[in-house]
There are 2 protein chains.
Amino acid sequence: MSKYWNKLINGIEPYVAGEQPKPGQKVIKLNTNENPYPPSPKVGEALKRFDLSDLRLYPDTNSTDVIRAAAKFDGVSEENIFCGNGSDEVLAIAFQTFFEKKALTGLPVLMPDYSYSFYPVFSEFYDIRRKTIALREDFRLDPDDYIGVPNCGIVFANPNAPTSRAIAVADCAKIAAANPDSVVIVDEAYVAFEEEYESAVSLINEYKNVCVIRTLSKAFSLAGIRLGYAVGSAELIEGLKRARDSFNSYPVDRLAQKVAEAALLDKDYYDETRAKIIATRKVFAKEIAELGFTMPPSSANFVYAKPPVQISAGTLYQNLRNKGILVRYFNKPVLCDYLRITIGTDEEMAQLTDAIRQEVLNAENS
Amino acid sequence: MSKYWNKLINGIEPYVAGEQPKPGQKVIKLNTNENPYPPSPKVGEALKRFDLSDLRLYPDTNSTDVIRAAAKFDGVSEENIFCGNGSDEVLAIAFQTFFEKKALTGLPVLMPDYSYSFYPVFSEFYDIRRKTIALREDFRLDPDDYIGVPNCGIVFANPNAPTSRAIAVADCAKIAAANPDSVVIVDEAYVAFEEEYESAVSLINEYKNVCVIRTLSKAFSLAGIRLGYAVGSAELIEGLKRARDSFNSYPVDRLAQKVAEAALLDKDYYDETRAKIIATRKVFAKEIAELGFTMPPSSANFVYAKPPVQISAGTLYQNLRNKGILVRYFNKPVLCDYLRITIGTDEEMAQLTDAIRQEVLNAENS
């Protein structure tokens with residue numbers, strides 16, 4: 001509390017990001033869904049060609065070169081893309097642009113009860129009423145639950161986090177069609193890790209109210225560069241630009257633009273990386289299932305897994321941490337029964353599986 | 001207008017940044033107060049040492065290495081610094097943290113009537129009442145005008161933009177002392193170009209309500225990297241972090257952190273660059289004064305100059321533009337009598353002076 005902070009800042013509960021190891025600390029880091037592989041080698045080549053004296057000049061406000069590469073990648077027009085400083089910023093700006101303040105509407109934004117924990121924080125921060133809608137018992141998002149519920153907007157992650165389950169694009173379309181006056185934000189941070197890749201980007205021409213959020217943090221191995229983008233009708237994109245230009249006209253720096261463009265243009269490398277992660281996930285999921293873990297089918301670069309009765313998620317999290325393996329544990333009702341485990345390299349997952357096996361055995365014998 | 005945008009976005013008038021030339025377009029660009037010199041050579045060395053595979057990992061949320069370098073540069077503690085994605089973002093977050101919404105207070109934020117045109121935009125965007133306080137006729141900010149005026153906060157640029165005039169740090173202290181319950185934001189984007197360098201950073205221990213905003217865009221030649229920071233009491237910095245973590249936990253990417261750290265540690269290069277720009281400004285100001293221009297004394301890397309009666313600022317702006325020289329023209333009452341001209345290299349300013357001389361002569365003869 002401080003008399004210098006306003007009411008909002010005094011009252012808010014900020015988002016808590018996953019733990020970052022200290023520099024030099026040796027850990028197997030499987031807690032923030034980063035990609036275990038380096039970014040495309042084209043990134044290094046692009047940086048080598050970069051003339052550092054250009055850093056004296058402001059960057060292109062629209063990140064035009066990145067937009068061109070993203071439009072090609074997603075098969076849409078350049079007018080359908082908006083770039084920001086990470087998908088968190090793009091999401092925040094989308095909340096601020098498309099959803100209405102409590103003071104001006106009785107209508108809430110709808111979101112699943114377990115989803116990216118930044119969504120409730122954004123709705124607090126921008127003073128937007130929210131209504132959470134329970135996932136089904138198997139962590140499935142049922143599109144019918146989003147039909148006939150008055151709202152000022154809808155947001156969900158697909159695949160969802162931390163639950164890892166995806167719904168079909170046809171189901172996203174169903175939600176968009178049933179809510180023609182609301183913007184439906186589909187956060188596709190993890191979409192690249194679906195085996196049968198399917199994106200709601202295919203809906204944007206038919207549904208002017210669908211806003212898809214993408215990031216280069218996961219599938220492109222560029223969490224360190226902070227590049228997210230929105231894909232939607234020109235009308236939605238124009239709204240996002242208006243918000244950006246009321247806040248920070250130059251959100252993406254020159255180096256980040258170069259890096260992002262190079263990565264987006266290297267689709268072969270992207271395909272290769274996602275295939276490796278999907279393959280590793282299959283092996284890992286099978287092995288921990290054999291150890292008694294249960295989990296929904298994962299379409300993401302993580303699994304959401306409940307340990308066998310012998311050991312609680314909280315204890316396992318702590319014991320793994322003591323062994324230098326970081327996974328994500330949410331100390332909240334329901335979520336506290338599960339661990340969210342990022343898919344690393346085959347080697348990292350083998351070490352983790354060994355450590356888990358040992359922990360389960362120890363728990364059995366104690 | 002769009003039914004998908006909320007009321008705020010439908011009603012807002014976004015900030016309009018200075019014109020950016022198209023790639024490959026040959027112009028002398030003196031319209032956005034960029035530095036004509038490249039950044040420190042240490043920046044290139046730091047990038048060479050950077051391991052690109054680290055880009056797969058999220059950056060340090062606090063930009064600790066940058067903070068360490070900035071703390072050394074400014075002679076303060078690390079707990080007194082907050083880093084963001086350009087000083088525009090830091091300013092926006094400061095508005096959102098320290099000033100109160102209209103709906104919750106009758107009190108306005110005070111700002112000079114001519115100042116950085118993003119301030120009124122921020123106050124609209126965050127729904128904060130504002131009261132503009134006229135500068136004196138010679139564009140001087142009089143601290144007495146900020147005493148005894150009820151407010152929820154105060155913001156001004158020092159040196160001010162676009163007017164280029166500075167006030168003494170003792171005057172900033174006077175404003176802070178007279179408003180102990182309000183945060184006083186002193187935006188020092190241009191402070192490096194004062195001949196007798198003096199920063200309000202020296203006030204932060206005595207005045208817990210002073211928040212100084214710095215940027216690497218101007219004096220460090222890094223507009224392309226987007227690094228701004230706030231300096232203030234630990235209490236103020238903590239508030240800014242709460243807002244950041246409700247919006248975007250990783251505002252500064254890994255490459256930007258490396259670049260910023262290297263630049264901040266090269267104080268010799270910084271001193272050399274600012275001395276060159278101050279020297280060029282003196283020559284240029286003298287030469288256009290001889291052509292009949294009038295201007296307040298500049299403490300910035302630009303001058304705010306009124307052309308002689310023969311030619312209007314609007315006409316001169318347009319004619320220079322046709323010759324491939326961009327300066328900034330604000331088509332608004334009072335401001336429309338002036339041009340804001342960035343100080344470039346000696347060569348660029350000589351070309352500009354020649355072009356201006358020609359325009360004034362042509363106007364006299366027509």
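This text gives an overview of the structure that appears in the document. On a predicted model such as this, the values are computed, not experimentally measured, just so you know. (Residues numbered from 1 in each chain as written. Chains lettered and ligands numbered in written order. Predicted model: local features only at pLDDT ≥ 70, side-chain atom pairs only at ≥ 80, totals over all residues. Heavy atoms only, no water.)

## Comments concerning the interface of chain A and chain B
Here's step 1: The interface of chain A with chain B comprises 79 residues on the first partner and 79 residues on the second.
Here's step 2: On the chain A side of the interface with chain B, the three residues burying the most area are Tyr4, Arg56 and Tyr58 of chain A, jointly 13% of the side's total.
Here's step 3: At the junction of chain A and chain B, the tally comes to 2 salt bridges.
Here's step 4: Contributing elements (two or more residues each) for the side of chain A that touches chain B: helix 1 (7-11), helix 2 (41-49), helix 4 (86-98), helix 5 (118-125), helix 7 (234-244) and helix 8 (254-265) of chain A.
Here's step 5: Of the residues assigned to the side of chain A that touches chain B, the class counts are 41 nonpolar, 21 polar and 17 charged. (Contact = heavy atoms within 4.5 Å. Buried area = accessible area lost by both parts, 1.4 Å probe. Salt bridge = Lys/Arg side-chain N within 4 Å of Asp/Glu carboxyl O. Helix = DSSP H or I, 4+ residues; strand = E, 2+ residues; numbered from the N terminus. Nonpolar A, V, L, I, M, F, W, Y, C, P; charged D, E, K, R; others polar.)

## Some points on the relation of the copies chain A and chain B
Here's step 1: Turning chain A through 180 degrees and shifting it by 0.0 Å along the axis lays it on chain B, with an RMSD of 0.0 Å. Those values place the two copies in the arrangement expected of a two-fold rotation axis. Taking C-alpha positions as reference, the residue of chain A nearest the rotation axis is Leu255 of chain A, located at 3.6 Å.
Here's step 2: Interface overlap between copies is the fraction of interface residues in one copy that are interface residues in the other; for chain A against chain B it reaches 100%, indicating a shared surface. (Least-squares fit on C-alpha atoms with pLDDT ≥ 70 in both.)

## Let's talk about helix 10 (residues 313-322) of chain A
Here's step 1: Ala313, Gly314, Leu316, Tyr317 and Leu320 of chain A are the residues of helix 10 of chain A that are buried. In an axial view of helix 10 of chain A, the angular spread of the buried residues amounts to 165 degrees, which keeps them on one side of the axis. (Buried < 20%, exposed > 50% of the residue type's maximum accessible area, 1.4 Å probe, protein only. Arc of directions from axis to C-beta.)

## Some words on the sheet that holds strand 5 (residues 153-157) of chain B
All names here are of chain B.
Here's step 1: Taken in spatial order, the 7 strands line up as 2-8-7-6-5-3-4 in an open sheet, and their pairing is mixed. Of all the strands in the sheet, just strand 2 (81-84) and strand 4 (130-133) have a single pairing partner and so form its edges. Put simply, the sheet's adjacent strands are angled 20 degrees from each other on average, direction ignored.
Here's step 2: Direction of pairing for strand 6 (residues 184-187) relative to strand 7 (residues 210-215): parallel, over a ladder of 4 bridges. From the neighbouring strand, Val186 faces strand 7, where its bridge partner is Val212.
Here's step 3: Sheet strands touched by helix 3 (residues 64-74): strand 2, strand 7 and strand 8 (228-231). Its angle to strand 2, the strand with the most contacts, is close to 125 degrees. (Pairing = 2+ DSSP bridges. Axes fitted to C-alpha atoms, helices over the stretch in contact; angles between N-to-C directions.)

## Quick word on the pairing of strand 6 of chain B
All names here are of chain B.
Here's step 1: Alternating positions in strand 6 separate into two faces, Val184 and Val186 on one and Ile185 and Asp187 on the other, with burial throughout.
Here's step 2: As defined by bridge partners, strand 5 adjoins strand 6 across 4 bridges and the pair is classed as parallel. If you follow Val155 over to strand 6, its bridge partner there is Ile185.

## Focus: the sheet that holds strand 4 (residues 130-133) of chain A
Residue and element names in this part refer to chain A.
Here's step 1: Taking strand neighbours across the sheet as the criterion, the 7 strands line up as 2-8-7-6-5-3-4 in an open arrangement whose pairing is mixed. Each of the sheet's edge strands pairs with one partner strand only, and the pair in question is strand 2 (81-84) and strand 4. Adjacent strand axes in the sheet meet at a mean angle of 20 degrees, parallel and antiparallel pairs treated alike.
Here's step 2: Against the sheet, helix 5 makes contact with strand 3 (109-112), strand 4, strand 5 (153-157) and strand 6 (184-187), and its axis sits at roughly 160 degrees relative to strand 3, the strand it touches most.

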